[in-house]
Amino acid sequence: MNSVKERIASLLRGLGINWVRGFEERDPQYLAVARLCRGFGHDVEVALRLTILNALVSYQLAGKGEDHWNYFANYFIGNKPVNLCEDFINYVMSSRYLVRYRDSRVRRIRNVCPQIAKLSLSRYLNDLSSLWRLLSNITKTRGDEKTIVFAVKMAYYVGRVCGLGVSVPMEIPIPVDYRVTVITICSGLITVTVNPNNVTGLARELMTRRRAEIQHVWNEIGRLSDIPPLNLDSVVWVLGGLLINSSFNIDKAINEVRALGALNEKVSELLHLFGGRCVER
């Protein structure tokens, strides 16, 4: 068994699911959805539909994910939807973060939104596996694609911020995006030749081609740590973002985590392990 995998799992197990759930509350995406929920008077159905639709078009962004989700929340707080599908398409057309592949995003919304608009989605929050299967059926996908599992994660966030008791099942895999792929590469969790100067290009290539392998290793970490992979995503995504944005300067990343109020010895060691082969020497 990969010793790095064991060490990461051991640290996460030591931190525990309650710490991870607390850490999720520092995720900028969680905070954006929390503002959205408040803006709609804790109307779970509306917040859930909008959030799932946004997750389904959240790929190949023209900017940081944090900024994209803040724009999304601000847009709909200021523009309450009357016709969900047409109003959401207007949002897609207006967002500078969705400028790439805009026609493809609009086609996806036209295909899936009519079904999402007529469903009572909140009843699926008691069983996120059923929501996962539902979204896979609606989008006619296998279900392990980034946007599908990410939509389930964001639905979980909506359930939490709108005051519902929601838990994540172990079977749903981690959403494999650029950040998760970079951290999987840099930590040495998958076997690949790493050139620290070209991690970006390598990650763009592997996030689709080796998605199943990346999900498998985080499934194993989830099993070993007793923390579902979908819960682990916020830790990998937030810490990974701090590492990437600091060009893998561990001291800078540690200071950022300290500013979040989330720094302890285990988190510091996680940062070192996540950075691994890409850390500045």
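Note that this is a predicted model, so its numbers are computed, not measured.

Caption draft 1: View of helix H8 (residues 146–161). Here H8 spans 22 Å end to end across 16 residues, near enough to the 22 Å set by a 1.5 Å rise per residue. By the criterion of burial, H8 is predominantly enclosed, with 16 of the 16 residues buried. After H8 finishes, the residue glycine 163 shows a positive phi value of roughly 90°.

Caption draft 2: Representation of the packing of helix H5 (residues 84–94) against helix H6 (residues 102–118). At a closest axis distance of 9 Å, the pairing of H5 and H6 adopts a crossing angle of 160°. By the angle between their axes, H5 is roughly antiparallel relative to H6. Regarding H5 and H6, the two cross each other, and that crossing is right-handed. For the pair H5 and H6, contact is made by Leu84, Cys85, Glu86, Phe88, Ile89, Val92, Met93 and Ser94 and by Arg102, Arg105, Val106, Ile109, Arg110, Cys113, Pro114 and Ala117, respectively. In the contact of H5 with H6, the residues fall into eleven nonpolar, one polar and four charged.

Caption draft 3: Representation of the packing of aromatic side chains. Tallied over the entire structure, the rule returns 16 aromatic pairs. Note on tyrosine 71 and tyrosine 91: the rings are 6.1 Å apart at their centroids and 25° apart in plane angle, and the pair reads as stacked. Pair noted here: tyrosine 71 is in helix H4 (residues 65–78) and tyrosine 91 is in helix H5, with a separation of 20 residues, a long-range link. Exposure remark for tyrosine 71: the relative accessible area of 28% places this residue in the partly exposed category. What makes tyrosine 91 buried here is its relative accessible area of 0%. Ring centres of phenylalanine 72 and tyrosine 91 lie 5.8 Å apart, and the angle between their planes is 65°; on these two criteria the pair is classed as edge-to-face.

Reading the values: the criteria
- One numbering rule holds for all chains: residues counted from 1, following each sequence as written.
- Only residues with pLDDT of 70 or above have their local features reported here, since the model is predicted, and side-chain atom pairs are shown and tallied only from 80 upward, although totals for entire chains, interfaces and linings are computed over all residues.
- Heavy atoms throughout the structure, all of them, feed into the side-chain values; hydrogens and water do not.
- Strands here mean DSSP runs of E at least two residues long; helices mean DSSP runs of H or I at least four residues long; both are numbered from the N terminus.
- By this rule the span expected of a helix is its residue count minus one, scaled by 1.5 Å.
- Buried means the residue's accessible area, taken with a 1.4 Å probe over protein chains only, is under 20% of the maximum for its type, while exposed means over 50%, and partly exposed covers the values in between.
- In this analysis an axis means a line fitted to C-alpha atoms, helices contributing only their contacting stretch, and an angle means the value between N-to-C directions, from 0 to 180 degrees.
- Between 65 and 115 degrees an angle is taken as roughly perpendicular, under 35 as roughly parallel, over 145 as roughly antiparallel, and anywhere else as oblique.
- The hand of a helix crossing depends on one turn: near helix anticlockwise from the far one by less than a right angle means left-handed, and clockwise means right-handed.
- Contacts are assigned to residue pairs that have any heavy atoms within 4.5 Å of one another.
- Amino acids outside the nonpolar list (Ala, Val, Leu, Ile, Met, Phe, Trp, Tyr, Cys, Pro) and the charged list (Asp, Glu, Lys, Arg) are all regarded as polar, and Gly is one of them.
- Only the six-membered ring of Trp is used, alongside the rings of Phe and Tyr, when aromatic pairs are assigned; centres must lie within 6.5 Å, and planes under 30 degrees apart are stacked while those over 60 apart are edge-to-face, with the rest tilted.

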